[in-house]
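This is what each chain is made of:
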Amino acid sequence: MFRIRQMRKLRVTMPGRTIEIYTKISMHRAGIKKHFLPMDDDMNAKLCYCEKGVEVVGQPSLVFIHGFSSSKSTWLSVIKHIPDRYHCIAVDLPGHGETVGFNEEYYIATNVVDLLKQFFDRLNFIEPICLVGGSMGGAIAAMFAMKYPFDVGMICVLSPPPGEEYETDMVQQLRLGKYHVILPETFKQYYALMKILSKKKIPFARSLAKTYFKIHLRTLNQHKRILQIAFEYDYPNLGEIYRQLKYLMCPTLIIWGREDQV
Ligand SMILES: CCCCC/C=C\C/C=C\CCCCCCCC(=O)OC(CO)CO
């Protein structure tokens, strides 16, 4: 019990490093169901998402998009606080979480956006949605809203990655191929990154951190590839996409921490 509580505290600051048993426990507690949606053109490709509540006429569904190297489970701690009358969806992006079978082309943001469009059409929402994205998920949410403005009623963009003109040191390092700043390769790097990513001091057992690190290593190469592709195809256009956001007419909430190092 104690361990689970510790993980609960850690989960927010270490997106994507959640162990599956814990995900199941917390999803169950929050009244969340998990689904797999096979794609029409390729039955081996399945989008995994979780859902809380049911659609309500006149009220948008809330759809949550996670960040890089994260997963839908990062939103559980948010979703559990949202009243039951709201319909919530959190999806695993290609190459993340429990979504499986998508080839590398789906690591390109424009393809991710079109995949999300397909996904939303399959779910057949009756109202324009409220699209919420954090970090890289925020960039994807913004891109989605630009391309499919009629599908969104409002968007919420949390700490999106900066465009070229506001490039941070961390993003510069990533662009130069030093992926370990966000994808640590050693336990030492991993432990140091935890401190950078969490503003709040958290009591943290090294043994537990080692377990998280092992889990992280399983996805390391795939996530390196995603970063490589993001910097080749998406990052060069990001600034221009942000500049065009002012033409978007739906209500938009943008939250950015002043001391966010990414
Ligand atoms: C599979 C889909 C790929 C589509 C790529 C789409 C748009 C991306 C454009 C430029 C990415 C460059 C910056 C990436 C850095 C993100 C940071 C981040 O997400 O933080 C994490 C913290 O570890 C939160 O979970």
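Residues numbered from 1 in each chain as written. Predicted model: local features only at pLDDT ≥ 70, side-chain atom pairs only at ≥ 80, totals over all residues.

1. Thoughts on the UniProt feature "domain: AB hydrolase-1" (unreviewed entry) in the protein
Part 1 of the reasoning: Summarizing the sequence annotation, UniProt attributes the feature "domain: AB hydrolase-1" (unreviewed entry) to residues 60–261 in the numbering used throughout.
Part 2 of the reasoning: As a span, residues 60–261 carries 44% helix and 12% strand, and end to end its C-alpha atoms are 33 Å apart. (UniProt positions renumbered as here; feature names shortened; annotations may be inferred. Helix = DSSP H or I, 4+ residues; strand = E, 2+ residues; numbered from the N terminus.)

2. What about the environment of Ile196?
Part 1 of the reasoning: Here Ile196 is to be found in helix α7 (residues 187–197).
Part 2 of the reasoning: Measuring from C-alpha to C-alpha, the distance between Ile196 and Gln261 comes to 7.8 Å, with 65 residues separating the pair along the chain.

3. Some details on the packing of helix α5 (residues 136–147) against helix α8 (residues 206–244)
Part 1 of the reasoning: Where α5 contacts α8, the two axes come as close as 10 Å, and the packing angle between them is 55°. One finds that α5 runs oblique with respect to α8. By crossing handedness, the relation of α5 to α8 is classed as left-handed. Two secondary-structure elements touch here, α5 through Ala139, Ala142, Met143 and Met146 and α8 through Leu238, Ile241, Tyr242 and Gln244. (Axes fitted to C-alpha atoms, helices over the stretch in contact; angles between N-to-C directions. Parallel < 35°, antiparallel > 145°, perpendicular 65-115°, else oblique. Left-handed = near helix turned anticlockwise from the far one by under 90°. Contact = placed C-beta atoms within 7 Å.)

4. So, the site of the ligand
Part 1 of the reasoning: What surrounds the ligand is a group of 24 residues, the closest being Gly67, Phe68, Ser70, Ala109 and Ser135.
Part 2 of the reasoning: Where the shell around the ligand is concerned, the elements lending two or more residues are α4 (109–123), α5 and α8.
Part 3 of the reasoning: Counting residues per element, the shell around the ligand draws most heavily on α8, at five residues.
Part 4 of the reasoning: Grouping the constituent residues of the shell around the ligand by class yields 18 nonpolar, five polar and one charged. (Near = placed C-beta within 6 Å. Nonpolar A, V, L, I, M, F, W, Y, C, P; charged D, E, K, R; others polar.)

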